[in-house]
Amino acid sequence: MLISAASQKSRPNPKHDYTASKKNSLILCHQIEKFWHNKGFSTVKAWPEKEKIKGREHWTVKSNLKLSANSSDPTIKFLY
């Protein structure tokens, strides 16, 4: 099955290191926001933050949503 280049850009790539740079983390932030906005949740926000892990700096992605762990209640709860 062939996947178009446009489709590939909209999907996170497990082989891509989103923690390597702020630019890469921003790519993932944009994909997260686009995913949730397309589902009608326009208040979802994601942003990169630099953290030091085991002496090395990495970029992490944070967001303002929390998914319920209960599979019978797929509600989205916003942290703020």
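These remarks concern the structure in this document. (Residues numbered from 1 in each chain as written. Predicted model: local features only at pLDDT ≥ 70, side-chain atom pairs only at ≥ 80, totals over all residues. Heavy atoms only, no water.)

**Some words on the overall build of the protein**
A tally of regular secondary structure across the protein gives two helices and four strands. When the helices and strands of the protein are placed in sequence order, the string is α-α-β-β-β-β. Taken across its 80 residues, the protein has 22% of its residues classed as buried. Approximately 6400 Å² of the protein is accessible, and the part contributed by carbon and sulfur atoms is 57%. (Helix = DSSP H or I, 4+ residues; strand = E, 2+ residues; numbered from the N terminus. Buried < 20%, exposed > 50% of the residue type's maximum accessible area, 1.4 Å probe, protein only. Areas by Shrake-Rupley, 256 points an atom, 1.4 Å probe, with all protein chains shown as cover.)

**Observations regarding the pattern of salt bridges**
Per the stated rule, a full pass over the model turns up two salt bridges. Between Glu57 and Lys50 there is a salt bridge, and its shortest N-O distance comes to 3.5 Å. For Lys50, a relative accessible area of 48% puts it in the partly exposed group. (Salt bridge = Lys/Arg side-chain N within 4 Å of Asp/Glu carboxyl O.)

**What to know about the packing of aromatic side chains**
Tallying each qualifying case throughout the model produces two aromatic pairs. Ring centres of Trp36 and Phe41 lie 5.7 Å apart, and the angle between their planes is 75°; on these two criteria the pair is classed as edge-to-face. Through successive ring pairs, a cluster of aromatic residues spans Phe35, Trp36 and Phe41. (Phe/Tyr/Trp six-rings, centres within 6.5 Å; stacked < 30°, edge-to-face > 60°.)

**Comments concerning the pairing of strand E1 (residues 46-53)**
Where a strand is regular, its side chains alternate between the two sheet faces. Bridge count for E1 against strand E2 (residues 56-63) is eight bridges, and the pairing is antiparallel. The residue bridging Ala46 from the neighbouring strand is Ser63, located in E2. Between E1 and the antiparallel strand that follows it, E2, lie two residues; Lys54 among them carries a positive phi value of about 50°. (Pairing = 2+ DSSP bridges.)

**Overview of the side chain of Asn24**
For Asn24, the location among the structural elements is in helix H2 (residues 22-38). Classification of Asn24 by relative accessible area gives buried; the value is 15%. Once residues lying within four places of it in the same chain are set aside, the contact partners of Asn24 are His16, Asp17 and Tyr18. (Contact = heavy atoms within 4.5 Å.)

**Details of H2**
Over its 17 residues, H2 runs 24 Å from end to end, which matches the ideal 24 Å to within 8%, given 1.5 Å per residue. Every buried residue belonging to H2 is among Asn24, Ser25, Leu28, Cys29, Gln31, Glu33 and Trp36, and all of these are buried. (Expected span 1.5 Å × (residues − 1).)

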